[in-house]
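Descriptive structure summary
So you can see what is in the structure, the chains are spelled out below.
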Amino acid sequence: MSSSDIKSLSSFVWNIAETLRGDFKQSEYGKVVLPFVVLRRLDCILEGTKNAVLDMASSLPDDMDDEARDTILYGAGGQNIQVYNLSKFTFSTLRGQDAKDIHKNLLDYVTKFSPNVRDIFLEKFLFTDQLKRLNDAGLLFTVFEQFSQIDLHPDAISNLEMGYLFEELIRKFSEISNETAGEHYTPREVIRLIVSLLLINDRDALTGSGVIRQVYDPAAGTGGMLSIAEMEMKELNPRIRVELFGQELNPESFAICKSDMLVTGHNPENMAFGNTLTQDAHKGKSFHYMLSNPPYGVDWKKYSDDIKSEAADLGMSGRFGAGLPRISDGQLLFLQHMIAKMRNDEAGSRIGIVMNGSPLFTGGAGSGESEIRRWMLENDWVEAIIALPTDLFYNTGIQTYVWLLTNRKAQNRRGKMQLIDASGDRFWKSMRKSLGSKRREIPTEACDEITRLYGEMLNGDSEWSDLSKIFNTTDFGYREIRIERPLKLAFQATEDGIAALQDAKPFQRLDAKDQRQVISALREGLSVTERWVDREKFEKALSGALKRASVKIGVPIKKAILSALSERSEDAVVCTDSRGNREADTDLRDHELVPLNENWQDYFEREVLPFVPDAWVDQGYTDDKDGGVGRVGYEINFNRYFYKYVPPRPLEEIDAELKALEAEIAGLLQEVVE
């Protein structure tokens, strides 16, 4: 079947959807049509073996184990698909029944599928609800009759062609319901770009006979990434065997994805339902290729206990040992999960994931995000990061980035990371009609150019200097050293200072009599006109004043007095502790980010001391992992490497524009007056 035939069949199905207009919202068409397509495909596959399956089912003992029973009935169908149906009906026999019984008979047909398929129709698609709505609207037999006219038998439309049809329908239904499409739908040109990037350097390894590759998506949505990955791989090698795996949390998206697996001949049990981060359905498995578009900026608070427990209990032997990102964004949790599923054999694994800008730079040294970046870069897994154009996705116009990771880097990429800025206008074109926030798309030629930039590892050539750059992985690391400056305090018993003391909590805990005695001792024992620039001398004067007034105070009150009656002053003597060491002024504390490849002492002497000669580095502020001075952090700031200076417009041009606007406004006001 040609691509034009696929589009023709898609248009026919679309016309069936138009039958629903008025009784269903456009955004609800997919809830009716997609399960009907799956139902018709399964009917065409199973019809020829219906009697054999029914005969086998009647011969099996009632007390047989369910799993054994299912296995026998799968085989009785003689099809390469794990599904059977025990209803006496088929689409053909249903057409011969009285139209008024269609609802009852269809329910019988749908509810007698094998449990794995019955769950899709009843629990995820909620198909019985849609059948009731169709029946109540008087549309059920009409819609059923139209689907009966479509031949979806594998002899008429192959599994690959069925995948194309399903993809085309999902795309159309996602476009007309774009208010929520972005939650489970990634634009197809973005998926094709990611797949092209994953496969560009693997073409030789994917050719030949007996090649098997496993592909996984932990946030599978409707399965678009998986199906397109398979299509692209089969275009390279029609004989390749591609096994698809995934997991999805949204019931309807899961139903569509698992249905796609069914109608295209894949093992539907490889597609799992549930939360990947807390219920890893493919625990212990690893994959050749992994790709995903996890949700952006979605918090993981409601299931944080499970994730934190796994991180604490399993550490680096679990999925989240490298670190936990802030509770408001779980993207890096998905990426860690995927890294945990990389193969340790010679083939290794490749990962392609699209995320927003947050995982690049959010979080300072020592934070969960920075530690995760450190873990990935120090293990040399990140090959490249590509900045995509804005306005590509249906529910957001923000900047997105494709990360490419592998544990089998080529020799020339080891210790290196490539950044590609594909956000410019040469990599996108405007759509004739916007779909939600999606106003742009990546044309095929732009996708090919991005793939070539990556595949050939272009770096700083004159033509590509603004688009592709190669860095050492250590270039993104730094040491955050703590800069301290001495504490210098002057003291004076002013009325403002005494008032501040009275507001202090330790002072307020004293009873009224003790409060009056302390205040009296300060006012009578310390001259309001005297100013001490040495804390040690002030403390002696304070002790003398309290002793003369026969007032005894504890350490908390003394600290409160010193705080209330002091002010920072450059002409004061540096405060020291009991050992004579300088005390640091926490209000003047600062941090400097020293490139990881540079000695922190050299940096301090060059960049800090000339400007603040009394500063020093707190050498007790060290990294938890390597013990070195300063905390190690990693960030990837695209703007730093691809910043393009745009000079301001000449003042004369701005002035002329303002005068033109003033004249225009004056003219409009004159029209109002007249």
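As a starting point, this report considers the structure included with it. Just so you know, these numbers come straight off a predicted model, no measurement behind them.

Remarks on the overall build of the protein chain
Within the protein chain, the secondary structure is distributed over 28 helices and 17 strands. Against the compact-globule benchmark of 26 Å for 674 residues, the protein chain has a radius of gyration of 35 Å, which places it well outside the compact range. Taken along its principal axes, the extent of the C-alpha atoms in the protein chain is 110 × 75 × 70 Å. Counting every position in the protein chain, which comprises 674 residues, the buried fraction comes to 51%. Restricting to contacts in the protein chain with at least 6 residues of sequence separation, those with at least 24 account for 76%. Split by element, the accessible area of the protein chain, about 32000 Å² in all, is 47% carbon and sulfur.

Comments concerning the nonpolar core
Formed by 54 residues in total, the largest nonpolar core has its most connected members in Phe-36, Leu-39, Leu-106, Phe-121 and Phe-147. Residues within four places of Leu-106 in sequence aside, it is in contact with Phe-36, Leu-39, Leu-94, Leu-131, Leu-140 and Phe-144. If you look at the next biggest cluster of nonpolar residues, it comprises 46 residues, including Leu-206, Met-233, Phe-254 and Phe-427.

Topic: the packing of aromatic side chains
How two aromatic rings sit relative to each other is set out by the distance from centre to centre and by the angle between their planes. By the definition in use, this model includes 22 aromatic pairs. With a centroid separation of 5.7 Å and 50° between ring planes, the pair formed by Tyr-74 and Tyr-84 is classed as tilted. Remark: Tyr-84 occurs in the loop between helix 4 (66-76) and helix 5 (91-95) and Tyr-74 occurs in helix 4; sequence separation between them is ten residues. On the basis of relative accessible area, Tyr-84 is assigned to the buried category, the value being 6%.

Here's the deal with the sheet that holds strand 7 (residues 400-406)
In space, the nine strands of this open sheet follow the order 3-2-1-4-5-7-6-8-11, with mixed pairing throughout. Every other strand in the sheet has two partners, leaving strand 3 (271-273) and strand 11 (468-472) as the edge strands with one partner each. Each strand of the sheet is rotated relative to its neighbour by a mean of 15°, with strand direction disregarded. Here seven bridges tie strand 5 (residues 350-356) to strand 7, and the two strands are oriented antiparallel to one another. The residue bridging Gly-352 from the neighbouring strand is Leu-404, located in strand 7.

Description of the side chain of Thr-473
Here Thr-473 is to be found in the loop between strand 11 and strand 12 (477-484). The contacts of Thr-473, once residues within four sequence positions are left out, are Leu-377, Asp-380, Lys-409, Gly-415, Lys-416, Met-417 and Tyr-634.

Some thoughts on a nonpolar patch on the surface
Taken together, the side chains of Leu-651, Ile-654, Leu-658 and Leu-661 define a hydrophobic patch exposed on the protein surface, amounting to about 370 Å² of accessible area. Mapping Leu-658 onto the fold places it in helix 28 (residues 651-673). Overall, the relative accessible area of 45% leaves Leu-658 in the partly exposed class.

Structural notes on the environment of Leu-152
Tracing the sequence through the fold places Leu-152 in the loop between helix 9 (140-148) and helix 10 (159-176). Assessed through its relative accessible area of 2%, Leu-152 is described here as buried. Each C-alpha atom, one on Leu-152 and one on Val-263, is 9.5 Å from the other, the two residues being 111 residues apart in sequence. Among all residues touching Leu-152, those that are not within four sequence positions of it are Leu-9, Val-37, Arg-40, Arg-41, Cys-44, Ile-157, Met-162 and Leu-165.

A short note on the pairing of strand 8 (residues 416-421)
Counting buried positions over the six residues of strand 8 gives five, a clear majority of the element. One ladder, built from four bridges, connects strand 6 (residues 382-387) with strand 8; its direction is parallel. When the bridges of strand 8 are listed, Ile-386 appears paired with Ile-420. As defined by bridge partners, strand 8 adjoins strand 11 across five bridges and the pair is classed as antiparallel. Paired with Met-417 across the two strands is Phe-471, which belongs to strand 11.

As for helix 6 (residues 102-111)
Of all the positions in helix 6, only Ile-102, His-103, Asn-105, Leu-106, Tyr-109 and Val-110 are classed as buried. Axial view of helix 6: buried residues confined to an arc of 165°, hence all on one face. In this structure, the buried side of helix 6 is in contact with helix 2 (29-46), helix 3 (50-59), helix 5, helix 7 (115-124), helix 8 (127-136) and helix 9.

Rules and cut-offs
Residues numbered from 1 in each chain as written. Predicted model: local features only at pLDDT ≥ 70, side-chain atom pairs only at ≥ 80, totals over all residues. Heavy atoms only, no water. Helix = DSSP H or I, 4+ residues; strand = E, 2+ residues; numbered from the N terminus. Rg over C-alpha atoms; globule rule 2.2 N^0.38 Å. Buried < 20%, exposed > 50% of the residue type's maximum accessible area, 1.4 Å probe, protein only. Contact = heavy atoms within 4.5 Å. Areas by Shrake-Rupley, 256 points an atom, 1.4 Å probe, with all protein chains shown as cover. Core = buried A, V, L, I, M, F, W, Y, C linked by side-chain atoms within 4.5 Å. Phe/Tyr/Trp six-rings, centres within 6.5 Å; stacked < 30°, edge-to-face > 60°. Pairing = 2+ DSSP bridges. Axes fitted to C-alpha atoms, helices over the stretch in contact; angles between N-to-C directions. Patch = residues over 30% accessible without salt bridge, like charges linked within 9 Å, V, L, I, M, F, W, Y side chains within 5 Å. Salt bridge = Lys/Arg side-chain N within 4 Å of Asp/Glu carboxyl O. Arc of directions from axis to C-beta.

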